[in-house]
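# Structural overview for review
What follows is the residue order along each chain.
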Amino acid sequence: MINNFYNNYGTMCLFNYVSGKIINLGTSGDITITRGYALIQRIDNSEIENCYSKTNITMENWFTSAGLIYSSYNSKIANCYNNGKFYAKNGASIAGITAYNYGTEITNCYNSGDYLSETGATIGGIALSIYDKSIIDNCYNSGNISANGENNSITVGGIVQYCNNGSSILNCCNKGNISTKGDLYGAGIVDSIYNGEINNCYNEGMITVGDYSNSGGVVKFASTTKITNCYNTKDITVNNIM
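Residues numbered from 1 in each chain as written. Predicted model: local features only at pLDDT ≥ 70, side-chain atom pairs only at ≥ 80, totals over all residues. Heavy atoms only, no water.

### A look at the environment of Ser28
With respect to the helices and strands, Ser28 occurs in strand 4 (residues 26–33). The class for Ser28 is buried, based on a relative accessible area of 18%. Sequence separation between Ser28 and Leu39 is eleven residues; the distance between their C-alpha atoms is 11 Å. (Helix = DSSP H or I, 4+ residues; strand = E, 2+ residues; numbered from the N terminus. Buried < 20%, exposed > 50% of the residue type's maximum accessible area, 1.4 Å probe, protein only.)

### Some details on the packing of aromatic side chains
Tallied over the full model, the rule gives eleven aromatic pairs. When the centroid spacing of 5.1 Å and the interplanar angle of 5 degrees are considered together, the rings of Phe86 and Tyr115 count as stacked. A residue pair is termed long-range when its members are at least 10 positions apart, and Phe86 in strand 12 (residues 86–88) and Tyr115 in strand 17 (residues 115–117) qualify at 29 residues. Its relative accessible area of 2% is what places Phe86 among the buried residues. When the ring of Tyr110 is compared with that of Tyr140, the centres are 5.0 Å apart and the planes differ by 5 degrees; the resulting orientation is stacked. One end of the pair, Tyr110, is in strand 16 (residues 110–111); the other, Tyr140, is in strand 21 (residues 140–141), with 30 residues separating them in the sequence. Residue class for Tyr140 comes out partly exposed when judged on its relative accessible area of 30%. (Phe/Tyr/Trp six-rings, centres within 6.5 Å; stacked < 30°, edge-to-face > 60°.)

### What to know about the nonpolar core
Counting 52 residues, the largest nonpolar core has Ile48, Ile77, Ile106, Ile136 and Ile169 as the members making the most contacts within it. In this view, Ile136 contacts Ile106, Ala127, Ile130, Ile159, Val160, Ser168, Ile169, Leu170 and Cys172; residues no more than four positions away in its chain are not counted. (Core = buried A, V, L, I, M, F, W, Y, C linked by side-chain atoms within 4.5 Å. Contact = heavy atoms within 4.5 Å.)

### So, the sheet that holds strand 6 (residues 47–49)
Paired through backbone hydrogen bonds, the strands of a sheet run either parallel or antiparallel to each other. The strand order across the open sheet built from eight strands is 3-6-10-15-20-25-30-35, with neighbouring strands paired in parallel fashion. Across the chains shown, the open sheet's two edge strands, defined by having one partner strand only, are strand 3 (21–23) and strand 35 (226–228). This sheet shows a mean twist of 5 degrees between the axes of neighbouring strands, independent of strand direction. Pairing of strand 15 (residues 105–107) with strand 20 (residues 135–137), which is carried by three bridges, proceeds in the parallel orientation. Its bridge partner being in strand 20, Ile106 is matched across the sheet by Ile136. (Pairing = 2+ DSSP bridges. Axes fitted to C-alpha atoms, helices over the stretch in contact; angles between N-to-C directions.)

### Here we look at the state of the cysteines
Counting across every chain of the model gives zero disulfides. You can see Cys109 has no disulfide; the closest cysteine sulfur is in Cys80, sitting 4.7 Å from it. Classification of Cys109 as buried rests on a relative accessible area of 1%. (Disulfide = S-S within 2.5 Å.)

### With respect to the environment of Ala187
Tracing the sequence through the fold places Ala187 in strand 28 (residues 184–187). Note on Ala187: relative accessible area 1%, which makes it buried. Beyond its immediate chain neighbours, meaning those up to four positions away, Ala187 contacts Val156, Gly157, Gly158, Ile178, Gly216, Gly217, Val218, Val219 and Lys220.

### Details of the confidence of the model for the chain
With 93% of its residues at a pLDDT of 70 or more, the chain has an overall mean of 90. Under a pLDDT of 50 for its full length, residues 1–9 has, in the predicted model, 23 contacts with residues more than four places off or in other chains. (pLDDT = per-residue confidence, 0-100.)

The structure is reproduced here in structure tokens:
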């Protein structure tokens, strides 16, 4: 267990680079970080299975943090979860499971940890971004996402914030509420997707946003993308006016 850790120098990680297989690994406790955090900094041609984070992460400056993995290349991430909470004092880029992903399959994973930022933030419930025919399949987010800054915007995807280069989001759902006193750019499943696919996905989290928001129940912006069997079940409220 890691408790009350304070790092003042760089990205905190347990493993800097992995090319292989990691199973049944987990962390718990509390971390205060001035830069970024992830259990693993980078994986290449790897398999990560049955791993978890129960670590509560406090970020003092705007850097990127993830519950498990900072960046993934041509790898498989399966049956993993995060239920640690993320708290950003001055904004951050945050992902529940894995931040930046290239040619990676993410399956049967979930995040139940809440996200709270005192200012703006960029957040993906499962991943921040997926590229190069990556796949997110059968994953869900139930963590609530909120930002307190009235003059700051947040960019959010309940499952993934950004998707490009033939990547797909399949059989996923967002159950977490998304709220901000400022403006929201994003949606319950994905903020922006280019040249991709969304299939059998839904949002059942409430979305509450500021005056000048650009948001959607499932997707905010899609280009050259196939979207099938997707739906939204909850209200989108702008300044208490549905």
